[in-house]
Amino acid sequence: MRSGLLTGFLLWTFFLNAQPPVHIIPQPVRLQLQDGAFLLDKNVQVQASAAGREVSGIISYFTGAVKQVSGYALPVKAAAVGKSIHFSIGSTEGVGEEGYVLSVTPTRIAIRASKPAGLFYAVQSLLQTLPAVRTNQVIRIPCMEISDYPRFKWRGMMLDVSRHFFSPELVKQFIDLLAAYKMNRFHWHLADGAGWRIEIKKYPKLTGLAAWRVDDWGKAWDWSQVRFNADRNKATYGGYYTQEQIKEIVAYAAARQITVVPEIEMPGHSEAAMAAYPEYSCLPHKHTFNEPGDFYGRDVHPNYCAGNDSAFVFLQNILEEVMALFPSRYIHVGGDEVDKTSWKQCERCQRRMKTEGLKNEEELQSYFIHRMEKFLVAHNRKLIGWDEILEGGLAPQATVMSWRGESGGIKAAQMNHDVVMSPTGPLYFDYYQGDPETEPLAFGGFNTLKRVYSYEPIPAELNSEQAKHVLGAQANLWTEQIASYEHVLYMILPRMPALAEVLWSTKQSRNWKDFNQRLQPHLVGFEQRGLHYSKGNFKVDIKPQVVDGRLLVKLETENEDGTIYYTTDGTDPGTGSLRYENPFEVKGAMTVKAALAINNSMIRGRPAQQAFTLNKATGRPLQYATPYSKYYPANGPSTLVDGIRGTTDAGKQWHAFNGSDMVATVDLGQAATAGSITLGCLQSYGQWIFFPQWVKFEVSADGKQFTELATVSNTVPVADKAPQTKDFTTRFDPRSFRYVRITAKNLGQCPKGHPGEGQAAWLFCDEIVVE
Ligand SMILES: [Zn+2]
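All of these numbers come straight from a predicted model, not from anything done at the bench.

Asker: What is the right way to read the confidence of the model for the chain from this model?
Answerer: Close inspection of predicted coordinates is inappropriate in any region flagged by low pLDDT. On average, the chain scores 91 in pLDDT, and the residues at 70 or more come to 93%. For the stretch residues 1–19, pLDDT sits under 50, and the model shows 32 contacts to residues farther than four places along the chain or on other chains. Below a pLDDT of 50 lies the segment residues 289–298, which in the model reaches 28 contacts outside its immediate sequence neighbourhood of four places, other chains included.

Structural data, given as structure tokens:
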């Protein structure tokens, strides 16, 4: 039986506690379930038919994990007797260097691989068949045959420890999670503008000064708050890893088949280093660490000086210590988002461009990276950098990590360079994974579980030869908004397991529904182990639908397995509530609450919620004189008559007009009597959105001859910076009309003193109400 047959039926039997199915993530290449089970008890012995410290390390990792959930300390014997688990290194056809063959019968479990890595991955598959936490119940491992191997060799996760610092213990926990899903690269973002996190013996000020700052723990990190502090006695935020701690973490990761790839950012994103050693920046400044606000923007230039040979020596000395700590073949040098301003103003940089015949600062950046690559290659290492290292010419052997979409990766692969894909969409895990209204503050963007799971690392643009240069992919967790480890977990679970399947399993086996079913027991395990994870994938989207003048509500979720239950009376939905099957009609003001149930059990957390109102304009045909901005589609053409009011979240429920007026005509379908008309608007100074100067209301019986009822002027100052909504309303003696025309006068340009002064202002409208 192929694993694809792990259907709802099997899942159902799992919950009835009968023969347990396996729910391994990532999905093994070949998995054949058989009748019967291996009962794990205290008499089971473990045998290693392979010598070596690495293999015995893997076996003790395994027995340790078994002891945690069962309490049994399985004895390891040279020759096991009776019911036993055998580890062996030997030839395994067709599963490669990281693959393994695993066989479970009622009396024997056999694990075979050509390399220790394969044994470790077999152990992970096996551990996923055990309970997540300590149990006294009989542990049944279903009989099965697995042969398995990864699709990609780079299966990575990046953690940014500069914006927020995480202790060595937490970094190890992070590594444990990656290992559980067969990820094999931990990209450690150790240095950035917000803090230097690695001890460099030659340059103690890097950690003595630039690893510490004054800011509020727990709040989103923000440049304007950064104040580096030389006075270590004061309450400061930060930390760094000593070289001893790093060695320990590198070894810990290696024992879990994970290579730690260190990143030292250059030539930009280096405010921290430049604050500590200003002599290596272009325009050395007098830096006083204790003055609030003196760190960023005023006198610290973010770049190393590309015209100063001492700056290169400084970096090379740093890299020598880095290479001594990290056996990784790849050393990441950043290279992204280099602000060239200081280079343009720097005499030495300009001189360097002249002597080296460089046409512009992009070529100067390329010169910088080439020079560092030469150094790394001379030390038998490989340079990897963000895709900006393509600008001005790619260094000869460089590997490109493509983050600004895939185009940099495609270009590099076409030039026969190796590539790791990590496009912001969908692999930036600092982005939202569910409705922002119910999620913790994130960087922005929207990378749901399904989008991650649907990611294909090989772009269609590459032919099969070029595709070989795609080593794999990785997700990046930047930590501007992430101050706690619980939050780290929340952002990577369950997206990291989804990415693990993308990178390990075959492309043909990818199946969203099947993945969702296998994921459920993992989520239960996360809860049992106290690991925070996002339920964003289970959120229900409540969407309005206007059909033939009627307003309908459509409920949707990414998760295909569940049943949606909803209420319209304000109560929280449960399995006894209305079961959603088809869009239903809004017949009066109501609040829809909806949530998902899987296997008849409601997903916990706040249900999705949306209020609807109904008035004479709701669901009626609406025409604009000039179209709304395609960047703000909201709920489609009927947004202004969809019964939903917007909030100060500009990204939802609002139609937008850039520099132009909004003129909308609504046909009520037949003559109707009403006494008020309203247009809802938004002002959000920081987002260049302003209330209209005035709103004109006109009505008509035939849609040709209009009578003006009123023009309502705005009373809120344009300089009012608080995001706010406002109803522009006219009330009148009830009268009959069929057509309503509303004109909202755009402010035109951002006002004097505004950052966008003189540029087109935005006008945002959410709803027309006729009552
Ligand atoms: Zn310079």
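Asker: Which parts of the structure should I look at to understand the sheet that holds strand E20 (residues 541–547)?
Answerer: Spatial ordering of the open sheet is given by E20-E21-E24, a layout of 3 strands whose pairing is antiparallel. At either end of the open sheet lies a strand with only one pairing partner, and these are E20 and strand E24 (584–585). Bridging between E20 and strand E21 (residues 550–556) involves 7 bridges; their strand directions are antiparallel. Note on E21: the bridge partner recorded for Lys543 is Lys554.

Asker: Just checking my understanding: could you explain helix H18 (residues 512–528) for this structure?
Answerer: Each full turn of the α-helix corresponds to 3.6 residues, which orients residues three or four apart in the same direction. When the terminal C-alpha atoms of H18 are compared, their 24 Å separation across 17 residues agrees well with the 24 Å that a helix rising 1.5 Å per residue should span. The largest bend in H18 amounts to roughly 30° and is located at Leu519, with the proline Pro521 lying one to four residues further along. The opening residue of H18, the one whose side-chain oxygen lies 3.1 Å from the backbone nitrogen of Lys513, is Asn511. Two residues or fewer after H18 comes Gly530, characterised by a positive phi angle close to 70°.

Asker: In this structure, what is going on with the packing of aromatic side chains? I would like to understand it.
Answerer: Counted according to the given criterion, the structure contains 39 aromatic pairs. Ring centres of Tyr61 and Phe120 lie 5.0 Å apart, and the angle between their planes is 55°; on these two criteria the pair is classed as tilted. With a gap of 59 residues between them, Tyr61 in helix H2 (residues 53–70) and Phe120 in helix H3 (residues 116–127) connect regions that are remote in the sequence. Taking the centre distance of 6.4 Å and the plane angle of 20° together, the rings of Trp343 and Phe368 count as stacked. Taken as a pair, Trp343 in helix H9 (residues 341–345) and Phe368 in helix H11 (residues 361–378) lie far apart in primary sequence, 25 residues in all. Of the two residues, Trp343 and Phe368, neither departs from the other in class, the shared state being buried. In this structure an aromatic cluster arises from ring pairing among Phe165, Phe174, Phe186, Trp188, Tyr241 and Phe326. Here the guanidinium or amino end of Lys83 rests over the ring plane of Phe38, the centre of that ring lying 5.6 Å away. Positioned above the aromatic ring of Trp504, the side-chain terminus of Lys182 is 5.5 Å from the ring centre.

Asker: Looking at this structure, I do not really get the side chain of His23. What am I missing?
Answerer: Mapping His23 onto the fold places it in the loop between helix H1 (8–15) and strand E1 (30–40). Residues in contact with His23, not counting those within four places in the same chain, are Gln128, Arg518, Pro521 and His522.

Asker: Would you mind going over the nonpolar core with me for this structure?
Answerer: For soluble globular proteins, the rule of thumb is that nonpolar side chains tend to be buried together. Residues Trp188, Trp196 and Leu555 are the most contacted members of the largest nonpolar core, which totals 180 residues. In terms of residue count, helix H8 (residues 309–325) provides more of this core than any other element does, 9 residues in total. Grouped together as the second largest cluster of nonpolar side chains are 30 residues, Val641, Met662, Leu668 and Phe732 included.

Asker: Hey, could you run me through the UniProt feature "domain: F5/8 type C" (unreviewed entry) in the chain in this one?
Answerer: Those places that UniProt annotates as "domain: F5/8 type C" (unreviewed entry) correspond, in this numbering, to residues 630–746. Structurally, residues 630–746 comprises 0% helix and 52% strand, and the distance from its first C-alpha atom to its last is 17 Å.

Asker: Looking at this structure, how should I read the coordination of the zinc ion?
Answerer: Put simply, a metal with four donors set out as a tetrahedron has ideal angles of 109.5 degrees, and one with six donors set out as an octahedron has ideal angles of 90 or 180 degrees. Within the protein, Cys282 (SG), Cys305 (SG), Cys346 (SG) and Cys349 (SG) serve as the donor atoms for the zinc ion, at 2.3 to 2.4 Å. Each of the 4 donor atoms around the zinc ion contributes to a set of angles spanning 102 to 114°, which defines the coordination as tetrahedral. For the zinc ion, all donor residues lie on one chain, and their spacing in sequence is C-x22-C-x40-C-x2-C. A residue pair is termed long-range when its members are at least 10 positions apart, and Cys305 in the loop between helix H7 (271–276) and H8 and Cys346 in the loop between H9 and helix H10 (347–356) qualify at 41 residues. A single burial state applies to Cys305 and to Cys346, both of which are buried.

Asker: Explanation requested: the packing of helix H4 (residues 168–180) against helix H6 (residues 243–254) in the structure shown.
Answerer: What describes two packed helices is the angle between their axes and the distance between those same axes. Between H4 and H6, whose axes approach to 10 Å, the crossing angle comes to 15°. It follows that H4 is roughly parallel to H6 by the angle criterion. Here H4 and H6 pass one another in a crossing that is right-handed. In this structure, H4 uses Pro168, Val171, Lys172, Ile175 and Asp176 to contact H6, whose residues at the interface are Gln245, Glu248, Ile249, Tyr252 and Ala253. Split into classes, the residues belonging to the contact of H4 with H6 amount to 6 nonpolar, 1 polar and 3 charged.

Conventions we followed
Residues numbered from 1 in each chain as written. Predicted model: local features only at pLDDT ≥ 70, side-chain atom pairs only at ≥ 80, totals over all residues. Heavy atoms only, no water. pLDDT = per-residue confidence, 0-100. Contact = heavy atoms within 4.5 Å. Pairing = 2+ DSSP bridges. Helix = DSSP H or I, 4+ residues; strand = E, 2+ residues; numbered from the N terminus. Expected span 1.5 Å × (residues − 1). Bend = angle between axes of the 7 residues up to and from the residue. Polar contact = N/O pair within 3.5 Å; in protein donor to acceptor, adjacent residues only side chain to side chain. Phe/Tyr/Trp six-rings, centres within 6.5 Å; stacked < 30°, edge-to-face > 60°. Buried < 20%, exposed > 50% of the residue type's maximum accessible area, 1.4 Å probe, protein only. Lys NZ or Arg CZ within 6 Å of the ring centre and 35° of its normal. Core = buried A, V, L, I, M, F, W, Y, C linked by side-chain atoms within 4.5 Å. UniProt positions renumbered as here; feature names shortened; annotations may be inferred. Donors = N, O, S within 2.8 Å, 3.2 Å for Na, K, Ca; no water. Tetrahedral: all angles 85-135°; square planar, octahedral: opposite > 155°, others 65-115°. Axes fitted to C-alpha atoms, helices over the stretch in contact; angles between N-to-C directions. Parallel < 35°, antiparallel > 145°, perpendicular 65-115°, else oblique. Left-handed = near helix turned anticlockwise from the far one by under 90°. Nonpolar A, V, L, I, M, F, W, Y, C, P; charged D, E, K, R; others polar.

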